[in-house]
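A closer look at the structure
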Amino acid sequence: MLDIRYTSHFLHKLEDVFAESNYVLRYEKGNFKSGYCVLKNTKVIMVNSYYPLEGKINCLIEILRTLPIETAGFSEKNTKFFAQITAS
């Protein structure tokens, strides 16, 4: 079970997972209904930059749980973290 902490350190851990994935994570201005937008053809994920820290973390966790992300290139640390996120 993953203990979600709403801290900037936890946000950076989530961003690290995206950095090693085949998706590009960007924070942009926008009025996305869900707080984020996934452009699957270009593998770009845009999260509303105006979201508070808690909203950004929740969006990133939701995205990681729903997208088919290839973990072959992940470090051991990020592989374990990704497994914890998707197991919940």
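Above this text you will find the structure in question.
Description of the structure in this document. These numbers were taken from a predicted model, which means no experiment stands behind them. (Residues numbered from 1 in each chain as written. Predicted model: local features only at pLDDT ≥ 70, side-chain atom pairs only at ≥ 80, totals over all residues. Heavy atoms only, no water.)

**Details of the packing of helix H1 (residues 8–20) against helix H2 (residues 53–66)**
Convention followed: Working convention: axes come from line fits to C-alpha atoms, limited for helices to the stretch in contact. Angles between N-to-C directions cover 0 to 180 degrees. The numbering of helices and of strands both runs from the N terminus, where a helix is a DSSP run of H or I of at least 4 residues and a strand a run of E of at least 2. The scheme is simple: roughly parallel for angles under 35 degrees, roughly antiparallel for over 145, roughly perpendicular for 65 to 115, oblique for anything else. Rotating anticlockwise by less than a right angle from the far helix to the near helix defines a left-handed crossing, while the corresponding clockwise rotation defines a right-handed one. Any two residues whose heavy atoms approach within 4.5 Å are treated as being in contact. Residues are grouped as follows: Ala, Val, Leu, Ile, Met, Phe, Trp, Tyr, Cys and Pro are nonpolar; Asp, Glu, Lys and Arg are charged; every other residue, Gly included, is polar.
Where H1 meets H2, the closest approach of the two axes is 10 Å, and the angle between their N-to-C directions is 30°. In this view, H1 runs roughly parallel relative to H2, as classed from their interaxial angle. Where H1 crosses over H2, the two elements pack in a sense that is left-handed. Across from Ser8, Phe10, Leu11, Leu14, Glu15, Val17 and Phe18 in H1, the residues of H2 making contact are Leu53, Lys56, Ile57, Leu60, Ile61, Ile63 and Leu64. In terms of residue class, the contact of H1 with H2 is made up of 11 nonpolar, one polar and two charged.

**Observations regarding H1**
We apply this condition: Working rule for helices: expected span equals 1.5 Å times residues minus one. Per-residue accessibility, obtained with a 1.4 Å probe over protein chains only, is compared with the maximum for each type, and a residue is labelled buried under 20%, exposed over 50%, and partly exposed between these values. This arc describes the spread of directions from the helix axis toward the C-beta atoms.
Given a rise of 1.5 Å per residue, 13 residues ought to cover 18 Å, and the 19 Å separating the end C-alpha atoms of H1 matches this to within 8%. Listed as buried for H1 are Phe10, Leu11, Leu14, Glu15, Val17 and Phe18. Looking straight down H1, one finds its buried side chains confined to an arc of 150°; they lie on one side. Within H1, the exposed residues directed more than 90 degrees away from the buried face are His9 and Ala19.

**Here we look at the side chain of Asn78**
For Asn78, the position within the fold is in helix H3 (residues 76–87). Judged by its relative accessible area of 4%, Asn78 falls in the buried class. Apart from the residues lying within four places of it in its own chain, the contact partners of Asn78 are Lys13, Asp16, Val17 and Glu20.

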